[in-house]
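Analysis of the macromolecular model
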Amino acid sequence: MAENKKTITVEQIGSPLRRPGDQRATLIGLGLNKMHRTRTLEDTPAVRGMIAKVAHLVRIVD
């Protein structure tokens, strides 16, 4: 039986230039490293925490 997993789509809207290294690493962990890239990720607490850490660099796409 297949489970319906919730997903969340995020788009990078800010540049990682002149940001602390941990924020750059978080963007890479989310699969984002260039402007206007989007990724659809599983909606887990870990992913939500990563998004919260770089909330000023990403936006959630509906």
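Residues numbered from 1 in each chain as written. Predicted model: local features only at pLDDT ≥ 70, side-chain atom pairs only at ≥ 80, totals over all residues. Heavy atoms only, no water.

Overview of the overall build of the protein chain
Scanning the protein chain from terminus to terminus reveals two helices and three strands. Each helix and strand of the protein chain, placed in order from N terminus to C terminus, yields the pattern β-α-β-α-β. Along the first, second and third principal axes, the C-alpha set of the protein chain runs to 45 × 20 × 15 Å. Counting across all 62 residues of the protein chain, residues that qualify as buried make up 27%. Contacts spanning at least 24 positions in sequence make up 71% of the contacts within the protein chain whose residues lie at least 6 apart. (Helix = DSSP H or I, 4+ residues; strand = E, 2+ residues; numbered from the N terminus. Buried < 20%, exposed > 50% of the residue type's maximum accessible area, 1.4 Å probe, protein only. Contact = heavy atoms within 4.5 Å.)

A look at the environment of valine 58
As for its placement among the helices and strands, valine 58 is situated in strand β3 (residues 58-61). Along the sequence, valine 58 and glutamate 42 sit 16 residues apart, while their C-alpha atoms lie 16 Å from each other. Apart from the residues within four sequence positions on either side, valine 58 is in contact with Glu11, Gln12, Ile13, Leu27, Leu32 and Ile51.

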